[in-house]
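# A look at the structure
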Amino acid sequence: MQMLIVGIGALGGTIAARALRAGLPVRLAARNTESAEMLRRSGLRVSGIGGEVRADVIDIAAVEDYGKGDQFDLILLATKAQDALEVAPYVVGLLAPEGAILPIQNGGVARVLADRLGERPILGGFSNLGATMVEPGVYEQKNAGHLLIGELAGGVSERVERVARALGRAIEVRVTSNLTGAIWSKLLINCSVTTLGALCSQTMRQYMETEAGKKVFRRTYEEALSVALAIGTRLERLAVDPIPPGWPSNFAAEEHYESWVEAIIAFYGDVKPSMLQDLERGRKTEVDFINGYVVTLGHASGVPVHMNATITDLVHQIERGVLQPTRERMNDLAD
Ligand SMILES: NC(=O)c1ccc[n+]([C@@H]2O[C@H](COP(=O)([O-])OP(=O)(O)OC[C@H]3O[C@@H](n4cnc5c(N)ncnc54)[C@H](OP(=O)(O)O)[C@@H]3O)[C@@H](O)[C@H]2O)c1
């Protein structure tokens, strides 16, 4: 299986180094000639969970330098969401006849790509594997996570199994027959845990210590959940049950709800939100594919999404430098 990994950042670099180390036929694509040249000189190094590996000789070029004569069975898109949408229409032309693109961003990316480019060439997936980039070419794997992949239309196809077998030689890959349900279950967490943490510059455990934080979390999560169910999503259990106990209206289940929240905090509550890291670095976030995606689908299906719309707008204002992340934001949102 000839593979191309597009986007050699934290996740792409980690996967690429482990794939090369495992002897997979992998070529790499960077944003431009300068970054490709820099990575060719440095090679790739991964440390952390999963052990240390090096790939000193790498076959890398700018994405636009791939073209006629290049054909890939699998193109792994490991860029940020907005870059994935930009680059996918180009790289789809590099696919072998039965080849597939595998986007691994959170949220709506795979679905949007399938709507634009057709479902046939697009698989879906997301990463529970966490990695950071120390500097270009040097990465640290942060946990023993896996990629979860599948068909957007559901079921388990032979091609998904083949991709899992191939990539599974490098990193852990799991296959789901309900990828859309799994993407949405993760999206519910991204919308609430990640984005709210970014807005108020806190971890979930910290912001859930306040009444305002609890109120805003609940409203954000439940709006997104209502959208998921309104569009017919069969949610998949990930770390916790995606549907809170007693939802939508059973007050008697309040203590069960509290334990459900505790389980989310135990799992995600101490992680610094990746979106906060983007904001601190002055980078554009992926909010349009997270809360913004929920808002678009909420409007299309007539589900109220005021909180998610406000949150999306606030993140945009922070991106533009008009606002800053601050813990007071939670009180404003609760009001
Ligand atoms: N890192 C994690 O632990 C983790 C976990 C779960 C999910 N994810 C998701 O995985 C995706 C990637 O995350 P990341 O942390 O690896 O991001 P990242 O470190 O920013 O890496 C993205 C890489 O893509 C490159 N790129 C951008 N446009 C490109 C193009 N047109 N062609 C080729 N390369 C291009 C970027 O280059 P420049 O630096 O030049 O822009 C950068 O090296 C995101 O959607 C993220 O939400 C990440």
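Cut-offs applied
- Within each chain, residue numbers correspond to sequence positions counted from 1 in written order.
- With the structure being a predicted model, the display of local features is reserved for residues of pLDDT at least 70 and the display and counting of side-chain atom pairs for 80 or more, all residues being used for whole-chain, interface and lining totals.
- Note that the side-chain values use all heavy atoms of the structure and ignore hydrogens as well as water.
- The helix count covers DSSP runs of H or I at least four residues long, the strand count covers runs of E at least two residues long, and both are numbered beginning at the N terminus.
- The reference for a compact globule is 2.2 Å times residues^0.38; the radius of gyration itself is calculated from the C-alpha atoms.
- The cut-offs for exposure are 20% and 50% of the maximum accessible area for each residue type, with area from a 1.4 Å probe on protein chains only; residues under the lower value are buried, those over the upper are exposed, and the others partly exposed.
- Whether two residues are in contact is decided by their heavy atoms: any pair within 4.5 Å suffices.
- Surface accessibility follows the Shrake-Rupley procedure with a 1.4 Å probe radius. Residue values consider only the protein chains on display as shielding.
- We treat Lys and Arg as the positive residues and Asp and Glu as the negative residues; His and chain ends play no part in the count.
- Just so you know, the charge point we use is NZ for Lys, CZ for Arg, CG for Asp and CD for Glu.
- It suffices for a single heavy atom of a residue to lie within 4 Å of a molecule or strand for the residue to be listed as near it.
- Pairs of N or O atoms within 3.5 Å make up the polar contacts considered here, provided that, within protein, one atom can donate a hydrogen while the other can accept it, and that residues adjacent in sequence are counted only when both atoms are side-chain atoms.
- Salt bridge, as applied in this entry: a Lys or Arg side-chain nitrogen positioned within 4 Å of an Asp or Glu carboxyl oxygen.
- Among buried residues, the Ala, Val, Leu, Ile, Met, Phe, Trp, Tyr and Cys ones that are joined through side-chain atoms within 4.5 Å form a nonpolar core.
- For two strands to be treated as a pair, DSSP must find at least two bridges joining them.
- Only C-alpha atoms enter the line fits that serve as axes; for helices the fit covers just the stretch in contact. Angles between N-to-C directions range over 0 to 180 degrees.

On to the overall build of the chain, then. Of the regular secondary structure elements, the chain holds 13 helices and twelve strands. Computed over the C-alpha atoms, the radius of gyration of the chain is 20 Å, within 12% of the 20 Å expected from 2.2 N^0.38 for a compact globule of 335 residues. For the chain, the spread of C-alpha atoms along the three principal axes comes to 60 × 40 × 35 Å. Burial analysis of the chain (335 residues in total) assigns 54% to the buried set. Taking contacts inside the chain between residues at least 6 apart in sequence as the whole, the part at least 24 apart equals 68%. When the accessible surface of the chain is totalled, it reaches about 14,800 Å², and 49% of it is carbon and sulfur. A distance of 4 Å separates the average location of the 34 positive side-chain charges in the chain from that of its 40 negative side-chain charges.

The ligand sits among 23 residues. The nearest are Leu11, Arg31, Ala131, Arg283 and Glu286. The backbone of Leu11 places a nitrogen or oxygen atom 2.8 Å from an oxygen atom of the ligand. Isolated, the ligand exposes 890 Å² of accessible area, and the fraction of that covered by the protein chains is 80%. Elements with a minimum of two residues in the shell around the ligand: helix H1 (10-21), strand E2 (26-30) and helix H3 (81-91).

Bringing the pattern of salt bridges into the picture now. Per the counting criterion, the structure on display carries 19 salt bridges. Residues Glu172 and Arg174 are paired through a salt bridge, measuring 2.7 Å at the closest nitrogen-oxygen approach. A relative accessible area of 36% places Glu172 in the partly exposed class. Here Arg174 falls in the partly exposed class, since its relative accessible area comes to 40%. The salt bridge involving Glu222 is made with Arg218; its shortest N-O contact spans 3.1 Å. Here Glu222 and its partner Arg218 are both found in helix H8 (residues 211-230), four residues apart, which amounts to about one turn of the helix. You can call Glu222 buried: its relative accessible area is 17%. In this structure Arg218 comes out as partly exposed when scored by relative accessible area, which is 29%. The network of salt bridges with common partners includes Arg27, Asp59 and Asp70.

Our focus in this paragraph is the nonpolar core. One broad trend across soluble globular proteins is that nonpolar side chains are buried collectively. Counting residues in each nonpolar core, the largest one holds 79 residues, and the members touching the most others are Ile75, Leu77, Trp184 and Phe217. The leading source of residues in this core is helix H6 (residues 179-200), at 13 residues. Discounting chain neighbours no more than four positions away, the residues touching Ile75 are Leu4, Val6, Val91, Leu94, Leu95, Ala100, Ile101 and Leu102.

With omega at 10°, the peptide bond leading from Trp247 into Pro248 counts as cis. As for its placement among the helices and strands, Pro248 is situated in the loop between H8 and helix H9 (254-268). One non-glycine residue, Ser201, lies in positive phi territory at about 55°. Summarising the element assignment, Ser201 is placed in the loop between H6 and helix H7 (204-207). Its relative accessible area of 32% is what places Ser201 among the partly exposed residues.

With that settled, the discussion passes to the sheet that holds E2. The strand order E5-E2-E1-E6-E7 describes an open sheet built from five strands, whose pairing is parallel. The strands lining the two open edges of the sheet, one partner per strand, are strand E5 (60-62) and strand E7 (95-103). Strand after strand, the sheet turns through a mean of 25° between neighbouring axes, direction not considered. Where strand E1 (residues 3-6) lies against E2, four bridges are found, and the strand directions are parallel. Across the sheet, residue Ile5 finds its bridge partner in E2, namely Leu28. Sheet strands in contact with helix H2 (residues 33-42) are E2 and E5, and its direction is about 165° off that of E5. On top of the sheet, helix H5 (residues 158-167) reaches E1, strand E6 (72-77) and E7; it is set at about 70° to E7, its chief contact.

All right, on to the sheet that holds strand E12 (residues 173-175) then. Within the open sheet, the three strands sit side by side as E8-E11-E12. Their pairing is mixed. Edge positions in the sheet fall to strand E8 (123-127) and E12, since each has one partner strand and no second. Looking at each pair of strands side by side, their axes are set apart by 25° on average, direction ignored. As paired strands, strand E11 (residues 147-151) and E12 are joined by three bridges and run parallel to one another.

The subject of this paragraph is the environment of Val315. Along the chain, the position of Val315 falls in helix H12 (residues 306-319). In this structure Val315 comes out as buried when scored by relative accessible area, which is 0%. Spatially, the C-alpha atom of Val315 lies 17 Å from that of Leu187, the residues being 128 residues apart in sequence. Non-local contacts of Val315, meaning those with residues more than four positions away in its chain, are made with Thr195, Leu199, Met275, Leu279, Thr285 and Val287.

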